[in-house]
Every structure is written in structure tokens, then in C-alpha cells.
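A closer look at the structure
Each chain, written out:
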Amino acid sequence: MRPNAVSPLSCAAVLVLAGAGSAFAADTELREDALFLFEPIPQTPDPALSPEAIELGKMLFFEPRLSEGHNISCNTCHNLGTGGVDLAPVSLGHRWQRGARNSPTVLNAIFNTAQFWDGRAATLEEQAGGPMINPVEMGSTPEHVVEQLRGIPGYEPLFAAAFPGEDQPVTFENAANAIAAFEATLITPNSPFDRFLAGDDDAMTEEQKVGLRAFIDEGCVACHSGMNLGGDSYQPFGVVEKPDWAFLPPDDKGRFEVTRAEEDAYVFKVPTLRNIAITPPYFHSGSVWDLETAVSVMGTAQLGATLEEGQAASIVAYLESLTGEMPEIIYPTLPPRTADTPRPRQ
């Protein structure tokens, strides 16, 4: 071999190194773009939350006796074993009534700007109290919830510990506050996407990175950005083109039911995309079970774009990278009833 000749192996090595450098540069650029638009989920819940309130809230979250029939708890519709949802188009409530909308996930709900599809609850506390007294959901009243809790002796010391200094801590408001404290701990950090944001180039697959680039470049981030990739704005379902009525039931006008403003007709809170791959069916109507179909519908309705072949699949791959670590919950043992505890009303 001539003294200055380069062996084929050396050429191959140079090409590999060049390719690695190119991939590193692409990952760095993608991460920089993503960090401008998104934030990772915190590793731990807010340390200011009261441990006593959290523990009480966990018990109440699983407490079916808060419902009129003693058969429905918060966990019924927001099952923590299935991504914080019940995996149904709409939920079944008191006396087998069907709800009007799909139950959104309770996971990472603390990071939403408001709660429910129409944003009618400004806080988790308001949201936690709503289903207990909704006649279609748990079917009770504030007075009966309090009567029920005071009729179960084991709750008195738990409320006293969670709300010290109050003469009568067992109140409807405190029950909702405790449930909200527990719900605030239901966060899902360390998704592959979060790890990529933190600097781990190998946390996401190449297809997921392609999907993230498409998600950014096609304009999905106009609504789905921030820590929760949604949950912080309201948008018409059909910004560019109204979807089929199968996806957008004409009788449900969304936020209009709250504000009575005509411009809010068919406007809904943008849902979080965190853990979206494990929380079907999709949309407020719960009408779509396939995530790729949902992505294609959103492309047409919200962006006025027909995604190119393979783009929807790549975006779905990216959405799968948003599945984080599920909170580990030990199912609580609830205080027993007595002969004087109010009985269920069917």
C-alpha cells in the first residue's frame, strides 16, 4: 500500500463517525426545538402537599360510599390501573345513566389550566367535588356526602389530621380538597420523551424522533405544547374544517354550555397528550379507538392538512413516547360502616 493511501476500513470508519456526528447534530437541533415548546413532567409531586390530606384523599378517591348507590367511586371513571380513564366512550353513572362525554384522564390533571372538557372547573378542588353531586355521575348531594362521611366513624380522625385546627373538619369542601391533594400526586414522569428532553439521545426511537419533527413542523404544537402537551387552551373542534358529526355530536356545544357565548359553540379544552397511547377512545365523544385515525382527523379538522403517507404513523410513534411512569398506588383499606351508617339509595 502506498504510504499516503487510506485503507477501505479507514474510509468506513470516517463515514461512520460522520454519520454519528450528523445524527448527534440532528438530535441536538431537535431537542433545542422541543425544549422551546415543551417541558418535562417533574420527577416528584409538589412537596408542599399535606401527607395527611393526600392519604385521606386517596381513601376518598376509592370510596364508593360517596355515591348515592355506594357503587361508584372516582376510580370507577378514572381507573388508575388503566391510565386514569375507564376505557369507554362515555361512563356509566348513577342508576346506569350514561355520561355525555368521554372521561378525561386524571393523570397529570394538576398541570391543566382548568378541568373537564368545557373547563367549567377552574381547579382540581372544583373538579373533585363535581362528580359526587352530579345526578348522572355519583348522584349524591353535598349534605348527604357529609352525612355519609360522618356516619363512618373511621373518617373523623383522618379529617382531623388532614385539616387540623378546624372545629368540624368533615365537610364537603374538605372532602373535595383532600381528593384534589391526592390527584395532584398522580403525575407520570420519565417518559421516553422527557428523558430525550433531558439529554438522552437513545430514549426515543428514530421513528419517534421523525414523528416529533413532523408534530412540530406540521403545526400540532399550536395547541399541544407546554408541560402537558395541551390542557392549557380552548379551541374549536374544526378550526379549518368541521369533522364528521360522528366525531362531533351536534347536540354537544362544548364550552358554549358554560359561557353561553356563541363564539364558544363547539369549543373544547385542548386535551393533554400525556399517556394518550394508553387512554382510548379519543375525543370528547369517545368516538375513535385508533390513535392513527385520531391523528388524521385532527390533521384535517384543525390544520386543514392531509398528512403524507407514513406521517400519521410516525406521529403516533412519537405520541407513544409520551407514556410515562405510572404512579404506584397501594389500594387503601377503607373504614368500616356501622349499623348507623346511611345505607345506599338505589
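These notes cover the structure that comes with them. (Residues numbered from 1 in each chain as written. Predicted model: local features only at pLDDT ≥ 70, side-chain atom pairs only at ≥ 80, totals over all residues. Heavy atoms only, no water.)

Moving on to the overall build of the protein chain. Along the backbone of the protein chain there are twelve helices and two strands. Counting over 346 residues, the protein chain shows a buried share of 51%. Counting only contacts in the protein chain whose residues sit at least 6 apart along the sequence, the fraction spanning at least 24 positions is 71%. Accessible surface, the protein chain as shown: approximately 16,600 Å² in total, 56% of it carbon and sulfur. For the protein chain, the centre of its 21 positive side-chain charges and the centre of its 47 negative side-chain charges are spaced 5 Å apart. (Helix = DSSP H or I, 4+ residues; strand = E, 2+ residues; numbered from the N terminus. Buried < 20%, exposed > 50% of the residue type's maximum accessible area, 1.4 Å probe, protein only. Contact = heavy atoms within 4.5 Å. Areas by Shrake-Rupley, 256 points an atom, 1.4 Å probe, with all protein chains shown as cover. Lys, Arg positive; Asp, Glu negative; His and termini not counted. Charge placed at Lys NZ, Arg CZ, Asp CG, Glu CD.)

Looking now at helix α7 (residues 172-183). In a regular helix each residue adds 1.5 Å, so twelve residues correspond to 16 Å; α7 covers 17 Å between its end C-alpha atoms and thus fits that length. Taking burial as the measure, the twelve residues of α7 include ten buried ones, the bulk of the element. Buried within α7 we find Phe-172, Asn-174, Ala-175, Ala-176, Ala-178, Ile-179, Ala-180, Ala-181, Phe-182 and Glu-183. (Expected span 1.5 Å × (residues − 1).)

By the secondary structure assignment, Arg-101 is in the loop between α3 (74-77) and α4 (124-133). Its relative accessible area of 17% is what places Arg-101 among the buried residues. A distance of 3.0 Å separates polar atoms of two side chains, one belonging to Arg-101 and the other to Asp-118. Side chain to side chain, Arg-101 and Asp-252 meet in a polar contact 2.8 Å long. Contact partners of Arg-101, with chain neighbours within four places excluded, come to Pro-89, Val-90, Ser-91, Trp-117, Asp-118, Arg-120, Asp-252, Gly-254, Glu-257, Phe-268 and His-284. (Polar contact = N/O pair within 3.5 Å; in protein donor to acceptor, adjacent residues only side chain to side chain.)

Counting through the fold element by element, Ala-53 comes out in helix α2 (residues 51-61). For the pair Ala-53 and Pro-153, spaced 100 residues apart in sequence, the C-alpha separation works out to 17 Å. Beyond its immediate chain neighbours, meaning those up to four positions away, Ala-53 contacts Ala-162, Ala-178 and Ala-181.

Turning our attention to the nonpolar core. Core analysis: the biggest nonpolar cluster contains 40 residues, and Phe-38, Phe-193, Leu-212, Phe-215, Tyr-318 and Leu-319 have the highest contact counts within it. For this core, the elements supplying multiple residues, two or more each, are α1 (8-37), α8 (192-197), α9 (206-217), α11 (291-303) and α12 (311-320). In contact with Leu-212, other than residues within four places in its own chain, are Leu-30, Ala-34, Phe-38, Phe-193, Phe-196, Met-204 and Tyr-318. One finds Leu-60, Ile-152, Phe-163 and Ala-181 within the second-largest nonpolar core, a separate group that totals 32 residues. (Core = buried A, V, L, I, M, F, W, Y, C linked by side-chain atoms within 4.5 Å.)

What follows concerns the packing of aromatic side chains. A complete count under the given rule lists twelve aromatic pairs for this structure. Ring plane angle 40° and centroid distance 6.4 Å describe the contact between Phe-38 and Phe-215, whose orientation is recorded as tilted. One end of the pair, Phe-38, is in the loop between α1 and α2; the other, Phe-215, is in helix α9, and 177 residues separate them in sequence. In this pair, the class of Phe-38 matches that of Phe-215, namely buried. An aromatic cluster is defined as three or more aromatic residues linked by ring pairs; in this entry it consists of Phe-38, Phe-193, Phe-215 and Tyr-318. Positioned over the ring face of Phe-196 is Arg-31, at 4.5 Å from the centre of the ring. Between the NZ or CZ atom of Arg-120 and the centre of the ring of Phe-116, over which it lies, the distance is 3.8 Å. (Phe/Tyr/Trp six-rings, centres within 6.5 Å; stacked < 30°, edge-to-face > 60°. Lys NZ or Arg CZ within 6 Å of the ring centre and 35° of its normal.)

This part covers α11. With 13 residues, α11 should cover 18 Å at 1.5 Å per step; its first-to-last C-alpha distance of 17 Å lies within 8% of that length. Looking at the buried residues of α11, the elements they touch are β1 (234-236) and α12. Immediately beyond the C-terminal end of α11, within one or two residues, lies Gly-304, with a positive phi of roughly 65°.

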